[in-house]
Amino acid sequence: MSDHPNYGHAFAAWRQAALDPWRAYTRHGFVQGLGDGTLPQAAFLHYLKQDYVFLFHFARAWALVAAKADTLGEMRAAAATVNALANHETQLHVETCAAAGIPEVDLITTPEAPENMAYTRYVLEAGYSGDILDLLAALAPCVMGYGEIGARLVGDAPSDTYADWINTYAGAEYQEVCRDVGALIDTALTRRLGPDFTSTPRWRSLCTRFETATRLEVGFWDMGLRP
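About the cut-offs
- Residues numbered from 1 in each chain as written.
- Predicted model: local features only at pLDDT ≥ 70, side-chain atom pairs only at ≥ 80, totals over all residues.
- Heavy atoms only, no water.
- Helix = DSSP H or I, 4+ residues; strand = E, 2+ residues; numbered from the N terminus.
- Rg over C-alpha atoms; globule rule 2.2 N^0.38 Å.
- Buried < 20%, exposed > 50% of the residue type's maximum accessible area, 1.4 Å probe, protein only.
- Contact = heavy atoms within 4.5 Å.
- Areas by Shrake-Rupley, 256 points an atom, 1.4 Å probe, with all protein chains shown as cover.
- Lys, Arg positive; Asp, Glu negative; His and termini not counted.
- Charge placed at Lys NZ, Arg CZ, Asp CG, Glu CD.
- Core = buried A, V, L, I, M, F, W, Y, C linked by side-chain atoms within 4.5 Å.
- Salt bridge = Lys/Arg side-chain N within 4 Å of Asp/Glu carboxyl O.

Trainee: Summarise the overall build of the chain; cite the residues concerned and give the values.
Mentor: Counting its secondary structure elements, the chain contains 11 helices and 0 strands. Order of helices (α) and strands (β) in the chain, N terminus to C terminus: α-α-α-α-α-α-α-α-α-α-α. Taking 2.2 N^0.38 as the reference for a compact globule, 227 residues should give roughly 17 Å; the C-alpha atoms of the chain span a radius of gyration of 17 Å, in line with that estimate. Overall size of the chain, expressed as C-alpha extent along the three principal axes, is 50 × 35 × 30 Å. Across the 227 residues that make up the chain, the buried fraction comes to 53%. Taking contacts inside the chain between residues at least 6 apart in sequence as the whole, the part at least 24 apart equals 81%. Looking at the chain as shown, the accessible area adds up to about 9800 Å², and 54% of this sits on carbon and sulfur atoms. Of the side-chain charges in the chain, 17 are positive and 27 negative, and the distance between the mean point of each set is 7 Å.

In structure tokens:
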């Protein structure tokens, strides 16, 4: 599978505009450790606990996308993403932590790290103070970044240590989520800004939203390395 899967026109343009932070995010030391199996288990479990809390707030942000939708198509796409987060992705965290002796109640009560709080509240504030385009630009790095990371790592013949995590994000179901979200973003931009949305005055501010969220992803990986 390609290092750069096709998740739509807007995502490709955002990624290109934020190339250095995007590389720092998708090729972070934490990610490399997942691929070659050298990431300490303590760091991985610490990350999973924080990411469980993150996904709760991330699902809230996607519910806000549904609330700001102009069409049933946008609402359905947002609702499908909430379902994928709340009923599927979180289950990976629950099962992996349970195997390590960490019950779900411990995940639910995990105190948020400052990096986690900074990222999730930035995304939610993008939705509260902006419109659906601000929100989608802030949400995109997480959704597509994990898809891209999974696709690259699975193609690199990774170690078996974190195979479940890698296979989840490289798998057909998650890759379909990425393509669906990319299509939602392209359609939402075209509907509001026109087909040549990258040439509009609004585009630069949306690129800034995307880049800021990408930098916050880097901070989240940094946090993961400090169990």
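Trainee: Please provide a residue-by-residue account of the nonpolar core, values included.
Mentor: Counting residues in hydrophobic clusters, the biggest one holds 76 residues, and the most contacted among them are Trp14, Trp62 and Trp165. Residues within four places of Trp62 in sequence aside, it is in contact with Ala78, Thr81, Val82, Leu85, Leu136, Leu139, Val143, Val181 and Leu184.

Trainee: Which residues make up the pattern of salt bridges, and what are the values?
Mentor: Scanning the model with the defined rule gives 10 salt bridges in all. With its nearest N and O atoms 2.8 Å apart, the salt bridge here joins Arg202 to Asp134. One end of the pair, Arg202, is in helix 11 (residues 202-224); the other, Asp134, is in helix 8 (residues 132-155), with 68 residues separating them in the sequence.

Trainee: Give a description of the side chain of Gln50 that names residues and reports values.
Mentor: Mapped onto the elements, Gln50 comes out in helix 4 (residues 41-68). Non-local contacts of Gln50, meaning those with residues more than four positions away in its chain, are made with Thr110, Pro111, Glu112, Ala113, Asn116, Phe220 and Met223.

These figures capture arrangement, not role.
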